[in-house]
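# Geometric and topological summary
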Amino acid sequence: MKIVENIANFSTDEKTFVTIGTFDGVHFGHQKILEKLVSEAKKAGKKSVLLTFFPHPRMVLQKDAKIELINTIDERANLLEKTGLDYLIIHPFSKAFSRTTALEFVRDTLVNTFNISKLIIGYDHHFGKNREGNIDQLTEYSHLYDFTVEEIPAQDIDDVSVSSTKVRRALAAGNLKTANDYLGYNFMLNGVVVNGKKLGGQIGYPTANIDVKEAYKLIPKTGVYVVKSYIENKTVFGMMNIGNRPTVNGNHQTIEVHFFDFNQDLYGENLTIELIYFLRDEHKFDSIDSLVVQLKADEQTARDYILENIK
């Protein structure tokens, strides 16, 4: 898959099959559209193209709204690469771009730039200035500019019963299994390991403090999770706490991972942490000793879960 940043940097003499959308989460519903796109493009001897946007349109048009996305743009690109797409075009969304009319978008982008042969879109897709473009307009323009349009029926989308909103709600509620089932992969957090207060090491549970730099990245419900990461090509399991560390009077949220059977300096490393299982809510304990007792119990529960469920 070739990644192209900005529509202006893309050109092709080959005919393309195209789909459009933010595809946050790249969940099963998205995967269904992408599988169709890639499969049909290959059968027709055409190139498959996904046009997506960053920043997310709501980050530009609704700046006062809090936007929480399932994926960072880098995570999204990595997930999309696994679908077999030929081209991922990431266009910088702006207020100026939002004023592009439906006709201008079809003519200038889909036809003149993408050399489109077929457009595959999800049910009830809208586009262009004030979301004026719809399936009826697309069909009209397709006759004018000689390409075909296929809308994924509502029934097909309903059969998958997945939406980015449902995934976000599941993560916010701590329903990690539901979220991961919807996604078809383990929800992940990416960040650099930064210095913490090193309190974990003092009580026998040293942690890697993960700094997620993207403010728009959704952070799941506070609590303790079973996690895994890939470090130097090895799978390493552990448990992670997302929370404010109330037992030691913490005053801001941290993401701390204790890796099992692992002793290595990770400061400055960029890690991807996959969330596998939600263990429990965060609690304030009466003492550090009580916290240590709970951490030992958490570790045993986590190890048992990994032994029984991870193949």
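Scroll up a little and you will see the structure.
The following paragraphs examine the structure supplied in this document. (Residues numbered from 1 in each chain as written. Predicted model: local features only at pLDDT ≥ 70, side-chain atom pairs only at ≥ 80, totals over all residues. Heavy atoms only, no water.)

### As for the overall build of the chain
To keep it simple, the criterion reads: Numbering of helices and strands runs from the N terminus; a helix is a DSSP stretch of H or I covering at least four residues, while a strand is a stretch of E covering at least two. The rule is simple: take the accessible area with a 1.4 Å probe, protein chains only, and divide by the maximum for that residue type; under 20% is buried, over 50% is exposed, in between is partly exposed. Areas reported here follow the Shrake-Rupley algorithm with a probe of radius 1.4 Å; residue values treat only the protein chains shown as occluding. A residue counts as positive if it is Lys or Arg and as negative if it is Asp or Glu; His and the chain ends are not included. A charge is said to be at NZ when it belongs to Lys, at CZ for Arg, at CG for Asp and at CD for Glu.
Helix and strand content of the chain: 11 helices and 12 strands. Counting only C-alpha atoms and orienting by the principal axes, one finds that the chain spans roughly 75 × 40 × 35 Å. Burial analysis of the chain (311 residues in total) assigns 47% to the buried set. Accessible surface computed for the chain: about 15900 Å², of which carbon and sulfur atoms make up 46%. For the chain, the centre of its 36 positive side-chain charges and the centre of its 41 negative side-chain charges are spaced 1 Å apart.

### Side note on the sheet that holds strand β5 (residues 116–121)
Condition: Two strands form a pair only when DSSP identifies at least two bridges running between them. Angles run from 0 to 180 degrees between N-to-C directions of axes, and those axes are lines fitted to C-alpha atoms, restricted for helices to the stretch in contact.
Strand order in the open sheet formed by six strands is β1-β4-β3-β2-β5-β6, with parallel pairing between adjacent strands. Both outer strands of the open sheet, β1 (2–5) and β6 (148–151), are each paired with one neighbouring strand and no more. Averaged over all neighbouring strand pairs, the angle between strand axes comes to 20°, with direction disregarded. The pairing of β1 with strand β4 (residues 87–91) spans four bridges and is parallel.

### Remarks on the sheet that holds strand β9 (residues 223–231)
Quick note on the threshold: Throughout, a residue-residue contact means that at least one pair of heavy atoms, one from each residue, lies within 4.5 Å.
Taken in spatial order, the six strands of this closed barrel run β7-β8-β11-β10-β9-β12, and their pairing is antiparallel. Between one strand axis and the next, the sheet turns through 45° on average, direction left out of account. Across two bridges, the pairing between strand β8 (residues 208–211) and strand β11 (residues 254–259) is antiparallel. Bridge pairing links Ala208 to Val257 in β11. Set on the sheet, helix α9 (residues 176–183) makes contact with β9 and β12 (270–280); between it and β12 the angle comes to about 130°. Sitting on the sheet, helix α11 (residues 288–309) touches β9, β10 (234–243) and β12, and the angle it makes with β12 is about 100°.

### Digging into the packing of helix α5 (residues 102–111) against helix α6 (residues 135–145)
Short version of the rule: Each angle is binned into one of four classes, with values under 35 degrees roughly parallel, values over 145 roughly antiparallel, values of 65 to 115 roughly perpendicular, and all other values oblique. We call a crossing left-handed when the near helix sits turned anticlockwise from the far one by less than a right angle, and right-handed when that turn is clockwise. Gly is put with the polar residues, along with every residue not named as nonpolar or charged; the nonpolar set is Ala, Val, Leu, Ile, Met, Phe, Trp, Tyr, Cys and Pro, and the charged set is Asp, Glu, Lys and Arg.
As a packed pair, α5 and α6 sit with axes 11 Å apart at the nearest point and diverge in direction by 45°. On the basis of the axis angle, α5 is oblique to α6. α6 is crossed by α5, and the crossing has right-handed handedness. Along the contact surface, α5 presents Ala102, Leu103, Val106, Arg107 and Val111, while α6 presents Gln137, Leu138, Tyr141 and Tyr145. In the contact of α5 with α6, the residues fall into seven nonpolar, one polar and one charged.

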